[in-house]
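A closer look at the structure
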Amino acid sequence: MDDEIVFMVRGKTRAVCQQYVDRLCMLLGARQASLPSDGTGRGWVARAVLRPAAGDSEPGQQ
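Okay, so let's go over this structure.

Looking at the nonpolar core
Residues V9, C17, V21, L24, C25, A30, W44, A46 and A48 constitute the largest nonpolar core, which totals nine residues. Considering each element in turn, this core owes the most residues, four residues, to helix α1 (residues 14-28).

As for the environment of G29
Here G29 lies in the loop between α1 and β2 (31-32). With relative accessibility at 59%, the residue G29 sits in the exposed group. Separated by 21 residues in the primary sequence, G29 and L50 place their C-alpha atoms 7.2 Å from one another. What G29 contacts, discounting residues up to four positions off in sequence, is L24 and L50.

Points about the sheet that holds strand β1 (residues 5-11)
Across the sheet, three strands lie side by side as β1-β3-β2; this open sheet has antiparallel pairing. Edge positions in the open sheet fall to β1 and β2, since each of these has one partner strand only. Two elements, β2 and strand β3 (residues 44-50), share two bridges in a ladder whose sense is antiparallel. Of the residues in β3, the one forming a bridge with Q32 is A48. Lying over the sheet, α1 contacts β1, β2 and β3, oriented at roughly 10 degrees with respect to β3.

The rules behind each value
- Residues numbered from 1 in each chain as written.
- Predicted model: local features only at pLDDT ≥ 70, side-chain atom pairs only at ≥ 80, totals over all residues.
- Heavy atoms only, no water.
- Core = buried A, V, L, I, M, F, W, Y, C linked by side-chain atoms within 4.5 Å.
- Buried < 20%, exposed > 50% of the residue type's maximum accessible area, 1.4 Å probe, protein only.
- Helix = DSSP H or I, 4+ residues; strand = E, 2+ residues; numbered from the N terminus.
- Contact = heavy atoms within 4.5 Å.
- Pairing = 2+ DSSP bridges.
- Axes fitted to C-alpha atoms, helices over the stretch in contact; angles between N-to-C directions.

See the structure below:
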């Protein structure tokens, strides 16, 4: 199975949303999965994903 851990960032402006998704990616080694969008009706939203390295187990499964 090819599971992904997904993070969502929400901001009041596109610039703020992008700033925080960039920071999240830098700190966690994630990659941006979507550009900021205001289509949800509640500010700007962007996503980032983190795939566990091969052989890593998810928390609580050790």
